[in-house]
Amino acid sequence: MENEEMHEETGEDTTEALMESYDRKRRNRADDIIATQAVICILIGVLFFAGNMLYPDITGAIFQKLRGLVTEDKNIIPNPIDHILNYIDKL
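Overview of the structure. (Residues numbered from 1 in each chain as written. Predicted model: local features only at pLDDT ≥ 70, side-chain atom pairs only at ≥ 80, totals over all residues. Heavy atoms only, no water.)

What follows concerns the overall build of the chain. The number of helices and strands found in the chain is 5 helices and 0 strands. Starting at the N terminus, the α and β elements of the chain follow one another as α-α-α-α-α. When each of the 91 residues of the chain is scored for burial, the buried share is 3%. A total of about 8900 Å² of accessible surface is found on the chain, and carbon and sulfur atoms cover 61% of it. (Helix = DSSP H or I, 4+ residues; strand = E, 2+ residues; numbered from the N terminus. Buried < 20%, exposed > 50% of the residue type's maximum accessible area, 1.4 Å probe, protein only. Areas by Shrake-Rupley, 256 points an atom, 1.4 Å probe, with all protein chains shown as cover.)

This is the structure in structure tokens:
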């Protein structure tokens, strides 16, 4: 009984408190995504640096493949809208 009264006094289980907690978590989501991407980029940079020291031939080949993918005009994943437009043009 005392335990229930304490929860009612603090308001931790109220709908408003839960909604406020949910909104706080939801607002911070973009920052988490950006931080994750930054960590992944730093790790990839470190891997390329260490790979260049230990296995320069393999790392050079991977880097050239990556550079080719970046500079290539062709999309890695075809855009479905382009396929639909090409189909409409054929009609």
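That was the structure; now back to the text.
This paragraph deals with the packing of aromatic side chains. Considering all chains together, one arrives at 1 aromatic pair under this definition. Relative to F63, the ring of F48 has its centre 6.0 Å away and its plane inclined at 80 degrees; by these criteria the two rings are edge-to-face. You can see F48 sitting in helix α3 (residues 29–54) and its partner F63 sitting in helix α4 (residues 56–71), a full 15 residues away along the chain. (Phe/Tyr/Trp six-rings, centres within 6.5 Å; stacked < 30°, edge-to-face > 60°.)

Here we take up a nonpolar patch on the surface. Where nonpolar side chains cluster on the molecular surface, the patch consists of F49, M53, L54, Y55, I58 and I62 and spans about 740 Å² of accessible area. Contributions of two or more residues to the nonpolar patch are made by α3 and α4. Here the element with the most residues in the nonpolar patch is α3; it accounts for 3 residues. Note on placement: L54 falls in helix α3. (Patch = residues over 30% accessible without salt bridge, like charges linked within 9 Å, V, L, I, M, F, W, Y side chains within 5 Å. Salt bridge = Lys/Arg side-chain N within 4 Å of Asp/Glu carboxyl O.)

In this fold, T59 is placed in helix α4. By relative accessible area, T59 is classed as buried at 11%. Here the side chain of T59 touches Y55 through a polar contact of 2.9 Å, landing on its backbone oxygen. Each residue touching T59, except ones within four places of it in the same chain, is listed here: F48, G51 and N52. (Polar contact = N/O pair within 3.5 Å; in protein donor to acceptor, adjacent residues only side chain to side chain. Contact = heavy atoms within 4.5 Å.)

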